[in-house]
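# Working through the structure, step by step
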Amino acid sequence: MSKLEEAFISVIVDRSAMAKIFQMADASNLVTELRRNFDAGVTRGYEWRVTQLKKLLVICDKHEPEIVSALHDDLGKPELESSVYEVALLRNSIKLALKQLKDWMAPHKAKTSLTTFPASAKIVSEPLGVVLVISAWNFPFSNSRIGRIIMTAAAKHLTPVSLELGGKSPVVIDSDTNLKVITVRRIISGKWGCNNGQACISPDYILTTKEYAPKVIDALKKELEAFYGNNPMGSKDTSRIVNLNHFDRLSKMLEEKEVSNKIVYGGQKNRENLKISPTVLLDVPLDSLIMSEEIFGPLLPIVTLNNLEECFGVINSRPKPLAAYLFTKNHKLKKKFTKTVSAGGIVVNDTAVHFTLPTLPFGGVGESGIGSYHGKFSFDAFSHKKSVLFKSFLGDSAIRYPPYSRRKLGLLKTLVNSNLVDTFKVLLGLS
């Protein structure tokens, strides 16, 4: 087995085998070996690539229990979330690393993509290759600040980048929705059911009318209790906060003077266990910390409006989000929302599910990212579109060569303009 085959990394968690830390020197040697094998034509064949991808899937299936176990140890992540959203689908450290590597394999070395792999990633031996071990998130969300750092580093080498960042993804709720059953449950699933709000496309805040907000809050309370019980801090179905730094960051949001008295549900915290309960807030100031940066946690503010049309002003006055969600039966509102709101992706009457469709490009715009991937879009993101033109030695024309004349100029102009009548006139000397 070549070093190249060993270099294609599958994302597995095996704490007992953390034998070697992946250092910059290892990366340099790996890139050199990859380029050498690419230049030798090893990776160019379609059959070879398919074989490697199949091996990757075999490794993932084989090590699913270790992945699930490690995610539970690190994040308290429920087995169902890990198996369905990580091993099968949906973004976090393992999902993102696996997808970037899988997508990169298909089109070979044509383009480099940078992503924020955890600094705690480690490499261990595996019969089918080398295994990337994720033990914790050091970059639990990739905001525009980190994106600028990455782009600055890439610019030194003229390396193109594809950046999936994040942002404050809004949820707009109209008063005509199936609130108690569909709308609220789908919001909870996309917020707290996706790693307890620690996902880049997690709903960040709700926009609804002052009149409808009490109904939204009541429905959220009822369904949250149905999902996580009367003591959500003890629920096994919510993940922990990724680390102490981010626990303190979220706590600071909640403890801000203008925010602490806006909690209408939840708010419990346990720093030792890195647990924060699902928390709903009402009418926090728009200039507060919780409304100024991506929350990336189990906190969900509700901002009320005089009328739903005001939602466009609120959303468009802020940096463009990675996702935007709308719940309504109003076809005119759906049309206006999709045309007016600029976001990485838009989902109507659900949250987060667009990420699961390989037929849709996934990526941000402006502050929420650059480029997109998933399915064929991943192939395109990592490919250079090289132009190739073959010409014969027949049909050469003297008009393209000196000495130039007015007749040649006139003929070339008519040819460029594709005007056959004028072309014949020039040839006949009539123009």
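In this text, all values refer to a predicted model and were calculated from it rather than measured experimentally.

## Thoughts on the overall build of the protein chain
Assigned secondary structure in the protein chain consists of 15 helices and 17 strands. Looking at the protein chain as a whole, 47% of its 431 residues qualify as buried. Looking at the protein chain alone, contacts between residues at least 24 apart form 66% of all its contacts between residues at least 6 apart. Carbon and sulfur atoms form 57% of the exposed surface of the protein chain, whose accessible area is close to 22,000 Å².

## Re the pattern of salt bridges
Following the criterion strictly, the structure yields 12 salt bridges and no others. Across the pair Glu 81 and Lys 77 runs a salt bridge, and its minimum N-O distance is 3.2 Å. Ionic pairing is found between Arg 400 and Asp 396, a salt bridge with its closest N-O pair at 3.6 Å.

## Description of helix α4 (residues 64-75)
Relative to the 16 Å expected for 12 residues at 1.5 Å per residue, α4 spans 16 Å between its end C-alpha atoms, a close match to the ideal helical length. Inspection of α4 places Ile 67, Val 68, Ala 70, Leu 71 and Leu 75 among the buried residues, and these make up the whole buried set. Buried residues of α4 fall within an arc of 165 degrees about the axis and therefore sit on the same side. Just past α4, the residue Gly 76 takes up positive phi, approximately 65 degrees.

## Some thoughts on the sheet that holds strand β8 (residues 263-265)
Strands sit in the order β8-β11-β12-β7-β6-β13-β14 across an open sheet of 7 strands; the sheet is mixed. Since the sheet does not close on itself, it has two edges, and those belong to β8 and β14 (345-348), each with one partner. Each adjacent strand pair in this sheet contributes to an overall mean axis angle of 25 degrees, direction not counted. Note that strand β6 (residues 169-173) and strand β13 (residues 323-327) share 3 bridges and pair parallel.

## Structural notes on the packing of aromatic side chains
Scanning all chains against the criterion turns up 4 aromatic pairs. For the ring pair Phe 227 and Tyr 228, a centre distance of 6.2 Å and an interplane angle of 90 degrees mean the geometry is edge-to-face. Among the residues examined, Tyr 228 registers a relative accessible area of 10% and is labelled buried. Here Phe 362 and Tyr 373 contribute two aromatic rings whose centre-to-centre distance is 5.9 Å and whose plane-to-plane angle is 85 degrees, an arrangement assigned as edge-to-face. Here Tyr 373 lies in strand β17 (residues 372-373) and Phe 362 lies in strand β15 (residues 362-363), a separation of 11 residues in the sequence. A single burial state applies to Phe 362 and to Tyr 373, both of which are buried. Ring pairs connect the aromatic residues Phe 355, Phe 362 and Tyr 373, which therefore count as one cluster. The aromatic ring of Phe 38 is capped on one face by Arg 44, whose charged end is 4.5 Å from the ring centroid.

## Brief notes about unusual backbone geometry
With an omega of -5 degrees, the peptide bond running from Pro 402 to Pro 403 counts as cis. Looking at the secondary structure, you find Pro 403 in the loop between α13 (376-381) and α14 (406-416). The backbone phi angle of Leu 274 is positive, close to 55 degrees, even though this residue is not glycine.

## A few points about the pairing of strand β12 (residues 299-305)
Counting buried positions over the 7 residues of β12 gives 7, a clear majority of the element. Neither face of β12 is exposed, since Leu 299, Pro 301, Val 303 and Leu 305 on one face and Leu 300, Ile 302 and Thr 304 on the opposite face are all buried. Note: strand β7 (residues 203-209) against β12, 4 bridges, orientation parallel. Note on β12: the bridge partner recorded for Ile 206 is Ile 302. When strand β11 (residues 279-282) meets β12, the two strands line up parallel, connected through 4 bridges. Note on β12: the bridge partner recorded for Leu 281 is Pro 301.

## A word on the environment of Leu 282
Of note, Leu 282 is situated in strand β11. Look at Leu 282 and you get partly exposed, because its relative accessible area is 25%. Counting along the chain gives 20 residues from Leu 282 to Ile 302, while the straight-line C-alpha distance between them is 4.8 Å.

## Remarks on the side chain of Glu 223
Within the secondary structure, Glu 223 sits in helix α9 (residues 213-228). Beyond its immediate sequence surroundings of up to four residues, Glu 223 is in contact with Lys 180, Val 184, Arg 185 and Ile 188.

## Structural notes on the packing of helix α3 (residues 46-62) against α4
Between α3 and α4, the least distance of the axes is 4 Å, while the angle of their chain directions is 60 degrees. The angle between the axes of α3 and α4 places the two elements in the oblique class. Judged by residue contacts, Cys 60, Asp 61 and Lys 62 of α3 engage Glu 64, Pro 65, Glu 66 and Ile 67 from α4. Classifying every residue of the contact of α3 with α4 gives 3 nonpolar, no polar and 4 charged.

## Notes on the state of the cysteines
Under the counting rule described, the total for this entry stands at 0 disulfides. The cysteine Cys 194 is free of any disulfide, with Cys 200 supplying the nearest cysteine sulfur at 9.6 Å. We classify Cys 200 as buried; its relative accessible area is 2%.

## Focus on the UniProt feature "active site" (unreviewed entry) in the protein chain
Here the UniProt-annotated "active site" (unreviewed entry) positions come out as Glu 164 and Cys 200. The greatest C-alpha distance among the annotated residues, which extend across 37 residues, is 8.6 Å, indicating that they converge on a single site. Inspection of the secondary structure puts Glu 164 in strand β5 (residues 163-164). Look at Glu 164 and you get buried, because its relative accessible area is 10%. Here Tyr 373 takes part through its side chain, which lies 2.6 Å from a polar atom of the side chain of Glu 164. Assignment of secondary structure puts Cys 200 in the loop between α8 (179-191) and β7.

So, how was this worked out
- Residues numbered from 1 in each chain as written.
- Predicted model: local features only at pLDDT ≥ 70, side-chain atom pairs only at ≥ 80, totals over all residues.
- Heavy atoms only, no water.
- Helix = DSSP H or I, 4+ residues; strand = E, 2+ residues; numbered from the N terminus.
- Buried < 20%, exposed > 50% of the residue type's maximum accessible area, 1.4 Å probe, protein only.
- Contact = heavy atoms within 4.5 Å.
- Areas by Shrake-Rupley, 256 points an atom, 1.4 Å probe, with all protein chains shown as cover.
- Salt bridge = Lys/Arg side-chain N within 4 Å of Asp/Glu carboxyl O.
- Expected span 1.5 Å × (residues − 1).
- Arc of directions from axis to C-beta.
- Pairing = 2+ DSSP bridges.
- Axes fitted to C-alpha atoms, helices over the stretch in contact; angles between N-to-C directions.
- Phe/Tyr/Trp six-rings, centres within 6.5 Å; stacked < 30°, edge-to-face > 60°.
- Lys NZ or Arg CZ within 6 Å of the ring centre and 35° of its normal.
- Parallel < 35°, antiparallel > 145°, perpendicular 65-115°, else oblique.
- Nonpolar A, V, L, I, M, F, W, Y, C, P; charged D, E, K, R; others polar.
- Disulfide = S-S within 2.5 Å.
- UniProt positions renumbered as here; feature names shortened; annotations may be inferred.
- Polar contact = N/O pair within 3.5 Å; in protein donor to acceptor, adjacent residues only side chain to side chain.

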